[in-house]
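Residues per chain, in single letters:
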Amino acid sequence: MTAEIVRSACPHDCPSACALEVERLSPTRIGRIRGNPDLPFTAGVVCEKVGRYAERVHHPDRLTHPLKRVGAKGEGRFEQIGWDEALDTVSLAFKTAAEKYGSESVWPYHSGGTLGVVQRYGIERMSRLFNYSGMTGTICVTPAMSGWAAGVGGQRGVDPCEVEESDLIVVWGGNPVHTNVNLMSHIQKARKTRGAKLVVVDVYRTSTMAAADIGLVLRPGTDAALACAMMQVMLAEGMVDEPYLAEYSDFDDEVRTHLAGKTPNWAAAITGLTVDEITAFARLYGRTQKSYIKFGVGFTRSRNGATSMHAASALPAMTGAWQYRGGGAFWGSFDIWGLDTTLAHADDKAGNVTRMLDQSRIGAILNGQEDALEGGPPVAAMFIQNSNTALVAADSAAVRRGLLREDLFVCVHEQFMTATARYADILLPAAMFLEVDDIYKGWGHTALTVGPRVLERHADCRSNLEVVNALAKRLGAEHPSLDMSSEELVDATLDASNLGELSMIKEQGWVDCSPSFEDAHFLSGFRHSDGRFHFKPNWSEIGPYHVGMPSIVDHWDVVDTVGVDRPFRLVTPPPRTYLNSSFTETPGSQKRERRPTAMIHPVDAQSCGVEDGDMVRLGNARGDVVMYAKISDTAKQGVVIAEGVWPDNNFDRGIGINMLIDATPVPPAGGSAFHDTAIWLRPEVMQDAAD
Ligand code: SF4
């Protein structure tokens, strides 16, 4: 078959937001997907999971037709119906809920199944047009955003392509080999062409750390102690750019005195690193002008995640690295886009939303917890797009108890029979990104990528936009966006944002939205009203849960308490070829990831009587799961690493690992502490062995 190469863009929940070249074999089939070589960040590279996307888009288990529940809630028994019956049923359920409890009792809910400007966020028009409850999207990056906002202000930094001009690259709390693969090619270029050093800071020896010159494995939730001790060393040894600090930050004698006590000895006891490791890293960083820190979000998924990000983000302010090409830091581009989404998101109606519910607290919300409901009515009807919340949300058993409520109507629009889809009353088949048009904010770089439709729709699938439009019209709304196709909305959004014409942009595949060098490096000031980096943050400006947060940059000792009943700390980072719960259905990813595995330190394994390959049960008050044990000193003693959010069918109780995670909001603005869970661990006695 002759392949035609067409351009598109990756929609998945990943900072790379790759521009793609797709082999189109026919109007309904693709071959391989490769990276677009012309977008500087993508540079012709994509991850292996998207490279073999044909496995996913042509998967035999895709949902094909609207379904109506015929079994008990959560049982997963459905019968096929037509689109009209499905949409009529949903619209009637929403009207009934609104009449009985008020319009706020209907909750449209979405997450990062696609990051498309049109296909992901278009659902928010439902809340705006009908005064349904809105959603604060906290599940992923809120703690990182909070910490960055506290010091730097805003949500931008130095484009990762600039690492090619760096002499020291620090990857802190992220594993780009698994989650941001393109970054590695830019890092490798700097190492080859200028002999740049790569340092990786993480809580286990990740695939990225394996490629590094220096790897620092610390205890989870102790990053701020490392950062503060580095600042102490740099201050004590005169490696600080004092004129820069004076001009560009609020650093003063109070901060200086405070940091003087944060010695490497102090930090060694907290982090588990040696004094020598901390001092050597501080000196290397302090003496390198062109030092670049790429922050991941992993280390912020802890109760003290925002304070950790704040402390680590202070390092380039100490050395003045921001001033130099190839220097500074970056975690994400969220405030650079300037997109006018008045039409696509009905922003003009945003004032109609009177209740915002916290996405991460879905369990508490569905179970009627008063504070989570913000003083409003119970949620009586939901419309879920792009989210497998029953599997991926923290305290997932509570989410499922909520979804089981007989007085809750749930419509799910999905691509596969996910854990969440099984709880639907009406289940609708969703189109994939290759079957729709959209644009994507490359939050791990600075290009807005454009993804035109490549394939005809699979079976009876519909796009997110089409379903929202049809439902909103059935419910009686009027808005110009409801009569527009995704291509028309993309075009109108680009036009309103003065970014050019879609027909021209499609050719290239992206629009460059990078800030100027001065803006990206904050040479015209940090993004606080005083233009300075803040060592003394005002947490109360950032979120409601700020009580007790440190008033000067510091380690905040609030992580989940381990003790005799729960002596281990569980961290659940992403594996290489699953992305949240996406790709867990593709054969290539399943083959690579094999089986749910807990990596346990040899000393812990011995004390628990666990051997390599044994089954082990991990648990706490919220529940327990069984996994395979792998004995490894990849992390510090007392830390258990379990990569991946594996589907339910891998677990004996039929529910995955996020059942163990606490859903208490991370200070100051919410989010889930996915990597901050105290657990017990014991060998699992298999039934046949016990008999
Ligand atoms: S690296 Fe990320 S953005 Fe690029 S193709 Fe893979 S999932 Fe998509």
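For the structure, see preceding data.
Bear in mind that the values here come from a model prediction, so they are computed numbers and not experimental data. (Residues numbered from 1 in each chain as written. Predicted model: local features only at pLDDT ≥ 70, side-chain atom pairs only at ≥ 80, totals over all residues. Heavy atoms only, no water.)

Let us look at the environment of Gly376. Residue placement: Gly376 occurs in the loop between α16 (362–366) and β14 (381–385). Residue class for Gly376 comes out partly exposed when judged on its relative accessible area of 25%. Residues Gly376 and Tyr101, 275 residues apart in the sequence, show an inter-C-alpha distance of 9.4 Å. Contacts of Gly376, omitting those with residues within four sequence positions, involve Glu104 and Arg355. (Helix = DSSP H or I, 4+ residues; strand = E, 2+ residues; numbered from the N terminus. Buried < 20%, exposed > 50% of the residue type's maximum accessible area, 1.4 Å probe, protein only. Contact = heavy atoms within 4.5 Å.)

Here the focus is the site of the ligand. Around the ligand, the neighbouring residues are Cys10, Cys14, Ser16, Ala17, Cys18, Val46, Cys47, Val50, Val181, Asn182 and Leu579. When grouped by side-chain class, the residues that make up the shell around the ligand number nine nonpolar, two polar and no charged. (Near = heavy atom within 4 Å. Nonpolar A, V, L, I, M, F, W, Y, C, P; charged D, E, K, R; others polar.)

Before going further, it helps to examine the state of the cysteines. Considering all chains together, one arrives at zero disulfides under this definition. The closest cysteine sulfur to the non-disulfide-bonded Cys411 is located on Cys461, 14 Å from its own sulfur. When its relative accessible area of 0% is taken as the criterion, Cys411 is described as buried. (Disulfide = S-S within 2.5 Å.)

A word on the environment of Asp512. Here Asp512 lies in strand β19 (residues 510–512). Judged by relative accessible area, which is 52%, Asp512 ranks as exposed. The spacing of Asp512 and Val392 is 120 residues in sequence and 33 Å in space, taken between C-alpha atoms. Engagement of the side chain of Asp512 in a polar contact is seen with the side chain of Ser514, the distance being 2.7 Å. (Polar contact = N/O pair within 3.5 Å; in protein donor to acceptor, adjacent residues only side chain to side chain.)

A few words now on the side chain of His534. Locating His534 in the fold gives a position in the loop between α22 (517–520) and β20 (568–571). Sequence-distant contacts of His534, that is, excluding residues within four places in its chain, are made with Ala150, Gly151, Asp250, His310 and His528.

So, about the packing of aromatic side chains. Under the defined criterion, the tally for this structure stands at 23 aromatic pairs. Taking 6.2 Å as the distance between ring centres and 50° as the angle between the ring planes, the aromatic pair formed by Trp172 and Phe295 counts as tilted. Placement of Trp172 in strand β8 (residues 168–172) and of Phe295 in strand β11 (residues 291–295) is noted, with a sequence separation of 123 residues between them. Given the relative accessible area of 1%, Phe295 is considered buried. Centroid distance Trp172 to Phe299: 6.5 Å. Interplanar angle 45°. Geometry classified as tilted. Of this pair, Trp172 sits in strand β8 while Phe299 is found in the loop between β11 and α14 (305–313), placing the two residues 127 residues apart along the sequence. Among the residues examined, Phe299 registers a relative accessible area of 7% and is labelled buried. (Phe/Tyr/Trp six-rings, centres within 6.5 Å; stacked < 30°, edge-to-face > 60°.)

Glancing now at the pairing of β11. In terms of residue burial, β11 counts as a mostly covered element, since five of its five residues are buried. Here β11 shows no split at all, with Ser291, Ile293 and Phe295 on one side and Tyr292 and Lys294 on the other all buried. Relative to β11, β8 runs parallel, the two being bridged by five bridges. Residue Trp172 lies in a different strand from β11, and its bridge partner there is Phe295. Taken together, the three bridges between β11 and strand β12 (residues 328–330) define a ladder with parallel strand orientation. From the neighbouring strand, Tyr292 faces β12, where its bridge partner is Gly328. (Pairing = 2+ DSSP bridges.)

Right, let's talk about the pairing of strand β22 (residues 615–620) for a bit. In regular strands, side chains alternate between the two faces of the sheet. Among the six residues that make up β22, six are buried, leaving the element largely enclosed by the rest of the structure. Of the two faces of β22, the one holding Met615, Arg617 and Gly619 and the one holding Val616, Leu618 and Asn620 are both buried throughout. Where β22 folds back onto strand β23 (residues 623–631) in an antiparallel hairpin, the turn is made up of two residues. Pairing geometry for β22 and strand β25 (residues 677–683), over four bridges, is antiparallel. Paired with Val616 across the strands is Pro683, a residue of β25.

For the rest of this paragraph, the subject is unusual backbone geometry. Pro668 follows Pro667 through a cis peptide bond whose omega is 0°. Mapped onto the elements, Pro668 comes out in the loop between β24 (639–641) and β25. Not every positive phi belongs to a glycine, and Asn131 is a case in point at roughly 60°. Examined against the element boundaries, Asn131 turns out to sit in the loop between α4 (124–130) and β7 (134–136). Owing to a relative accessible area of 25%, Asn131 belongs among the partly exposed residues under this scheme. If you check the backbone angles, Asp395 has positive phi at about 50° while not being a glycine. You can see Asp395 is positioned in the loop between α17 (389–392) and α18 (396–403).

We now examine α14. Of all nine residues in α14, nine are buried; the element is thus mostly enclosed. Turning to α14, its buried residues are Gly305, Ala306, Thr307, Ser308, Met309, His310, Ala311, Ala312 and Ser313. In this fold, the buried residues of α14 make contact with α5 (142–151), β8, α9 (223–236), β11 and α15 (315–319).

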